[in-house]
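The lines below spell out each chain.
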Amino acid sequence: MIVVREIAKDDWEQMRDVRLAALAEAPSAFGSSYAREAAFTEEQWRGRISERSVTFFARVDSAGSAPAGLAGVYVEDGTANLVSMWVRPPARGLGVGKALIEAAAAWAKARGFAALFLWVTEANTSARRLYDQCGFTPTGERQPLPSDPALTEIGMSRTL
C-alpha cells in the first residue's frame, strides 16, 4: 500500500534529507545541484513550504519508514508545475511515482488549474515513460537543463 501525504512546515528536515538524496542519486534529473542545496539554511528549507507550492511524500507500507519518494507542485505565473519528482531506486516500479503524480494533479485541479506542466530531461526515458502513462504529452518546448546546459529538457503537460 502506498500512502501519500502533504508535508507540513515541521517536515522541513525530512524534506531536506529526501531532496538531497534525490540530488545525489540523480543529478542530471534536476535543475539544481546537491552542492547548492546542501548549503541551504533551515530558513531556506522552511521557505520551500509555502502557499505557492506543495510537496508530497509517499511511503510504501510502513508509516514509520523513510519516504519512498517526493513530488511537488510550484505555482508560478498562473501555472501549476510538477517539480522535484523523485522515487528512491528500491521503490521504483511499485506505483510510487504514479501515486505522487495523482496527488499533485488533484492538488492543482482543486485550486482551479486546467493543466499540470513539467520539464523532464530528454534522456530520462524511464521518467518520460511514467509521465506518458500518467497522461502527460509533450508541449513542443525545449530548454537547456539549468544545472547542466549540455542536457536538454522537454516540456510536458497534462489536462486536469
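Residues numbered from 1 in each chain as written. Predicted model: local features only at pLDDT ≥ 70, side-chain atom pairs only at ≥ 80, totals over all residues. Heavy atoms only, no water.

*Asks:* Give a description of the pairing of strand β4 (residues 79–87) that names residues and reports values.
*Replies:* Sheet topology places strand β3 (residues 69–76) next to β4; seven bridges connect them, and they run antiparallel. When the sheet's bridge partners are listed, Glu76 is paired in β4 with Thr79. As consecutive antiparallel partners, β3 and β4 are separated by two residues, and within that stretch Asp77 has a phi angle of approximately 55°, a positive value. Bridge count between β4 and strand β5 (residues 115–121): two bridges; the pairing is parallel. Counted as the bridge partner of Ala80 is Leu116 from β5. With helix α4 (residues 96–110) bridging β4 and its parallel neighbour β5, the resulting β-α-β unit is right-handed. (Pairing = 2+ DSSP bridges. Helix = DSSP H or I, 4+ residues; strand = E, 2+ residues; numbered from the N terminus. Right-handed = clockwise from strand over helix to strand, strands pointing away.)

*Asks:* Which residues make up the pattern of salt bridges, and what values do they have?
*Replies:* What the rule picks out here adds up to 10 salt bridges. Between Arg5 and Asp11 there is a salt bridge, with the nearest N and O atoms lying 2.8 Å from each other. For Glu122, the salt bridge goes to Arg142, with nearest N and O atoms at 2.8 Å. Of this pair, Glu122 sits in the loop between β5 and α5 (125–133) while Arg142 is found in strand β6 (residues 137–145), placing the two residues 20 residues apart along the sequence. Judged by its relative accessible area of 30%, Glu122 is partly exposed. (Salt bridge = Lys/Arg side-chain N within 4 Å of Asp/Glu carboxyl O. Buried < 20%, exposed > 50% of the residue type's maximum accessible area, 1.4 Å probe, protein only.)

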